[in-house]
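# Inside the fold
Listed here are the chains, written in short residue letters.
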Amino acid sequence: MPKTNPQARERIVAGAADMISRRGLSATSIREMAKHAQAPLGSTYHYFPDGKQQLATEAVRYTGEWVARSLRKELEKGPAAGLRAFLALWRKIVVDTDFRAGCPVLAVAIEEPPTGEIPPALAAAAEVFDQWESLLAGSLRAHGAEPDQAAQIATLIVSSVEGTVAMCRAKRTIEPLDRVAAQLQGLIGHATGT
């Protein structure tokens, strides 16, 4: 049995996140995720014995924490800086992949789950969206927004940016993201009095 190698495991998780961001979850097999990460299929099953759903769940959490780290850092400068970082992160992904990749969290969230079941990857996506909203709302409150308004704006930011990334991919232009950015920046300025 192979020894545990944190770098190899993370490479597989990152590769899975990338594949899901391009193809969605249903259209991506665990074999393709392993190949994309340049990892042996046996190693993939060693690290993820529960298979595709376990790997997808880890990919969602990986993406969620990666984005959250950037948000935490930039939100120290205020909600406007956090918004700019959030937008810049997705802009870079969309542009650098020539509109082929979006957000793996959204890709998992829009998959139709089996009737009466909430797969772990879908539950992880909900947790990630909650985390991003919480970080943004906390910064908005700290900079003068009313609590209810901060929560509403945070939800609007996450949902707008996620939806706009999908629009950019479909239209093959970054213009929708620019339009949403201008409106969200104005909304933050109004809510915080800056």
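Up top you'll find the structure we're talking about.
This write-up is about the structure you can find in this document. Position numbers for residues start from 1 in each chain and track the written sequence from start to end. Totals for whole chains, interfaces and linings use all residues, but because this is a predicted model, local features are given only for residues with pLDDT of at least 70 and pairs of side-chain atoms are given and counted only at 80 or more. Derived side-chain values reflect all non-hydrogen atoms in the structure, with water molecules and hydrogen atoms excluded from consideration.

On to the overall build of the chain. The number of helices and strands found in the chain is nine helices and zero strands. Helices (α) and strands (β) of the chain occur, in sequence order from the N terminus, as α-α-α-α-α-α-α-α-α. The C-alpha atoms of the chain give 18 Å as radius of gyration, which agrees with the globular expectation for 194 residues (16 Å, within 12%). With the C-alpha coordinates aligned to their principal axes, the bounding extent of the chain is approximately 60 × 35 × 30 Å. Where helices and strands are cited, they refer to DSSP runs of H or I of at least four residues and of E of at least two residues respectively, numbered from the N terminus. Between the two quantities, the radius of gyration covers C-alpha atoms and the globule rule is 2.2 Å times the number of residues to the power 0.38.

Right, let's talk about the nonpolar core for a bit. Note on terminology: a nonpolar core comprises buried Ala, Val, Leu, Ile, Met, Phe, Trp, Tyr and Cys residues joined through side-chain atoms within 4.5 Å. Categorising residues by exposure relies on relative accessible area from a 1.4 Å probe, with only protein chains included: less than 20% of the type maximum marks a residue as buried, more than 50% marks it as exposed, and the intermediate range marks it as partly exposed. Ranked by size, the top nonpolar core spans 59 residues in total, and within it W90, W132, I157 and V161 carry the most contacts. Elements with a minimum of two residues in this core: α1 (6-23), α2 (30-36), α4 (52-75), α5 (79-96), α6 (104-109), α7 (120-142), α8 (147-171) and α9 (175-192). Top contributing element to this core by residue count: α7, with nine residues. With residues near it in sequence (within four places) discarded, V161 still touches F86, L87, W90, L177 and L184. Contact definition: two residues touch when any of their heavy atoms are within 4.5 Å.

For the rest of this paragraph, the subject is the layout of surface pockets. Estimated volume of the largest pocket: approximately 280 Å³. Around the largest pocket, the lining comprises 14 residues; the ones closest to its centre are A17, D18, S21, W66 and I93. When residues in the lining of the largest pocket are grouped by element, the largest group, four residues, is from α1. All amino acids are sorted into three groups, where Ala, Val, Leu, Ile, Met, Phe, Trp, Tyr, Cys and Pro are nonpolar, Asp, Glu, Lys and Arg are charged, and the leftover types, Gly among them, are polar. For the lining of the largest pocket, the class distribution of residues is eight nonpolar, four polar and two charged. Grid spacing is 1 Å over the protein atoms alone, the probe is 1.4 Å, and a cavity is where that probe fits but cannot get out, while a pocket is an open set with protein on both sides within 12 Å along at least five of seven lines and lining residues have an atom within 4 Å of a point. Grid points are joined across faces, edges and corners, and a volume is the space filled by probe spheres set on the points.

This part is about unusual backbone geometry. The phi dihedral of Q38 falls on the positive side, at around 55 degrees, and the residue is not glycine. In this fold, Q38 is placed in the loop between α2 and α3 (41-47). We note that R172 has phi near 60 degrees; this positive angle belongs to a residue other than glycine. Mapped onto the fold, R172 is located in the loop between α8 and α9.

Glancing now at α5. One less than the residue count of a helix, multiplied by 1.5 Å, gives the span that helix is expected to have. Taking 1.5 Å per residue as the helical rise, α5 with its 18 residues ought to reach 26 Å, and the 25 Å between its terminal C-alpha atoms agrees with that figure. Residues of α5 that are buried sit in contact with α4, α7, α8 and α9. At the exit of α5 stands D98, carrying a positive phi of roughly 55 degrees.

Next up on the list: the environment of A150. Within the secondary structure layout, A150 lies in helix α8. Judged by relative accessible area, which is 0%, A150 ranks as buried. Filtering out sequence-adjacent residues up to four positions away, A150 remains in contact with A137, L140, R141 and A145.

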